[in-house]
Structures are given as C-alpha cells and as structure tokens.
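Fold and contact review
This is what each chain is made of:
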Amino acid sequence: AGAVFAFAYLLSPSLQAAALADFHPVTLSASLLLFAFYFLQKRRYPVFLLFAILAMSTKEEIPFSVALMGLYAAVVQKDRAWGLATALLGLAWGGIAFGLVIPAFNPAGSSPYFSRYEYLAGPASGTGGFLSLPAQVLATVMEEQRRAYLDGLVRPLLYLPMLSPFTLALALPDLGINLLSNFPFQYSSRVHYDAPIVPFLAVSAIFGTQLVARLLGRISRPLFKPVALVLATAVLFSSLSSYYRQVFLPLIDHIPAVTEHQRLGEAFVAMVPSQAGVSAGTTINPHVSQRQSLYLFPELKDAEYILLD
C-alpha cells in the first residue's frame, strides 16, 4: 500500500504538468514539502525545519503552508513549542517576502500578480461590499471550470484526501491562490501551479485510507489490512488511468523533437554576451534568464539585445 501511494504521487497529472512546463523554482517545493511533512510526522523537528526552509525559498506563498504545518504540529501533534515557533517563522517569512522583498525589487511597489485578484477587492469598497465578499468568493469557486479543477485534483486519488481535512488544509494557501485567480492557467492543472498542492493530496489520501480501514476494522479487526490494500489498489488503477489520459496520450500525440528551428534559436542565444541586458519573447526568455537585466518583449528599458521568434 505504501508503494502504491508513492506511485500515485509520482503519477499525479498535476505533478507531471509541473515537471513538463517551463522551469519554475516552486516545482521543487513538491518534494521539499513532502520531506518536511514526513519529518514533522516523525517529530524530527530540526530536519523538518531544514526542509521547511528549503521549501519556503522556492516561492513567496509557501511560508504560509509551512505556518499551517506549524499549527498542525501544535494542535494535532500537541507539540506547541515547535508548532507555534514554526507558525510564527512561516508568517514572518511570508510577511517579509510580500511586504519588503517584492516591493523593494518591483518597480510597481508590490507583486504584479495582485492584479489577478483585483476583481475581489472592487466591490469591497463599502461595508455592504465587504460583507458580500464571501458570497463572491463562493460564486467564483462554484464556476464550472473551477469545480472541474478541484475534481481533477482529488479524482485520481478516489476523493480520499477529502477524508483528512487537517492535512488537506495545509494546501489551502496555494489552492486558494489558484482557485480565486482570474488567470485560467492557475486552475488548469496544465502548468506548475499545483506543485505545492500535490504532496498534501498524497498525504491526505494516505490518512483517508487509514481512516476508512480503521472504521471498518472496528467492525471486524481482520478487515483493516484487506480494506487498506483494496483501496490502495483502486488508487493505483485510478492514478494510472488519469496519467494515461491526461499525460501519456497528449505526450505521444505531440512527441517533443529538437528541430533545425530550435538549433537556430540556440545559435542566436549563444551570440548574446552573458552580461548583456536582453528583451526576449516568452519562448526564448527562459534560455537567457541568468543575467541581471531581462525583460519580456515588448518591454525594453535598458536591454541591449532583442531576441524574438
């Protein structure tokens, strides 16, 4: 059963999508958060803290998941000292990231991604508008495409994560950010945005399976292991089916190939000095990213070179 859930984690279409998309540091958070939770569960707090810090370094909202892990340790595991300290660390890290670091390095003075949530702040100018915000959030979440997004996250794991709300809650920061965004890619499960959610889905599916097996085990103790194995087997087939339909078939339909076009692009990239400022189109941008000044075309500013496909 343990091996099955490891496979289910690796087969997750959301995790595969993150691995196949353009590189984003937050993709690394999936394994780091999984290690962090493992060592938290084992109460090996110094090692947990190491992986929590590594995970928080991948993206600015991850500290809030770490803060929730601290609350989990304080409330569920009754380790209040470590739990509250972790929660405070996560909140402080996230606050510094959003309140100091991003404004200091962004000319607009805040995260450019806040614009994806401005529609929520619009009606909240008055008291009545503020009180209507929960209804607006609920209406947004209940949109067909967003409901399909939620269903696609838990269906490969047979909806078992929903039986473990305390561990599933650890994914709430990224889940909320994705669900409420007006940028459809965030709730498409086709790029990197779900990477921090997948580990908590896998963990919650394990706890959900344990819950079902224990409840049936109370009726008859010998039922515990067979029930766990049957559920694990069903999860394996469900995960394989989701992987086949959402990852394997699309990939074999569009097998990646390096063409003369790509080789020509590499030749042009190689001609640009490594210290030069560059403005590049979206497909070339990642290939020239290791420099001080880089812009997404048509933004130019102090760019010395323009690379377009």
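Now for a look at the structure at hand.

Criteria and thresholds
Residue numbering note: each chain is counted from 1, following its sequence as written. Selection of residues for local features in this predicted model requires a pLDDT of at least 70, selection of side-chain atom pairs for listing and counting requires 80 or more, and totals for whole chains, interfaces and linings are taken over all residues. With hydrogens and water stripped out, all remaining heavy atoms of the structure feed into the side-chain values. We place a 1 Å grid over just the protein atoms. Points where a 1.4 Å probe fits but has no way out form a cavity, open points with protein on both sides within 12 Å along at least 5 of 7 lines form a pocket, and any residue with an atom within 4 Å of a point lines it. Grid points are joined across faces, edges and corners, and a volume is the space filled by probe spheres set on the points. Runs of E in the DSSP output that reach at least two residues are strands. Runs of H or I that reach at least four are helices, and both are numbered from the N terminus. Just so you know the grouping, Ala, Val, Leu, Ile, Met, Phe, Trp, Tyr, Cys and Pro go in nonpolar, Asp, Glu, Lys and Arg go in charged, and all remaining residues, Gly too, go in polar. A simple rule labels every residue: compare its accessible area, found with a 1.4 Å probe on the protein chains alone, to the largest value its type can have, and call it buried under 20%, exposed over 50%, or partly exposed in between. In protein, a polar contact means a hydrogen-donor-capable atom and an acceptor-capable atom, both N or O and within 3.5 Å, with residues adjacent in sequence counting only if both atoms are side-chain atoms; elsewhere, any N or O pair within 3.5 Å suffices. Residue contacts follow a heavy-atom distance rule, with two residues in contact if any of their heavy atoms lie within 4.5 Å.

**Brief notes about the layout of surface pockets**
- The computed volume of the largest pocket comes to approximately 2,100 Å³.
- Together, 40 residues line the largest pocket, and His24, Pro25, Glu60, Pro112 and Tyr113 are the ones closest to its centre.
- Broken down by element, the residue count for the lining of the largest pocket peaks at 4 residues, all from helix H6 (residues 80-105).
- Grouping the amino acids of the lining of the largest pocket by side-chain chemistry returns 22 nonpolar, 10 polar and 8 charged.
- In this structure, the second largest pocket occupies an estimated 570 Å³ of space.
- Its residues placed into classes, the lining of the second largest pocket shows 11 nonpolar, 6 polar and 2 charged.

**A few points about the side chain of Ser14**
- Counting through the fold element by element, Ser14 comes out in helix H2 (residues 13-20).
- On the accessibility criterion, Ser14 (5% relative accessible area) is buried.
- Within polar-contact distance, the side chain of Ser14 engages the side chain of Asp194 at 3.2 Å.
- Look past the residues within four positions of Ser14 in its chain and what remains in contact with it is Leu153, Ser189, Val191, Asp194 and Val198.

**Let's talk about empty space enclosed by the protein**
- For the structure shown, the criterion picks out 2 cavities of 30 Å³ or more.
- Approximately 100 Å³ is the volume attributed to the largest cavity.
- Along the wall of the largest cavity there are 13 residues; nearest its centre are Ala8, Ser12, Leu153, Leu157 and Leu201.
- Of all the secondary structure elements, the ones that give two or more residues to the lining of the largest cavity are helix H1 (2-11), H2, helix H10 (144-154) and helix H13 (198-219).
- By volume, the second largest cavity is sized at about 40 Å³.
- Lining the second largest cavity, in full, are Val26, Lys59, Glu61, Asp174, Ile177, Asn178, Gln186, His192, Tyr193 and Pro196.
- Counted by class, the lining of the second largest cavity contains 4 nonpolar, 3 polar and 3 charged residues.

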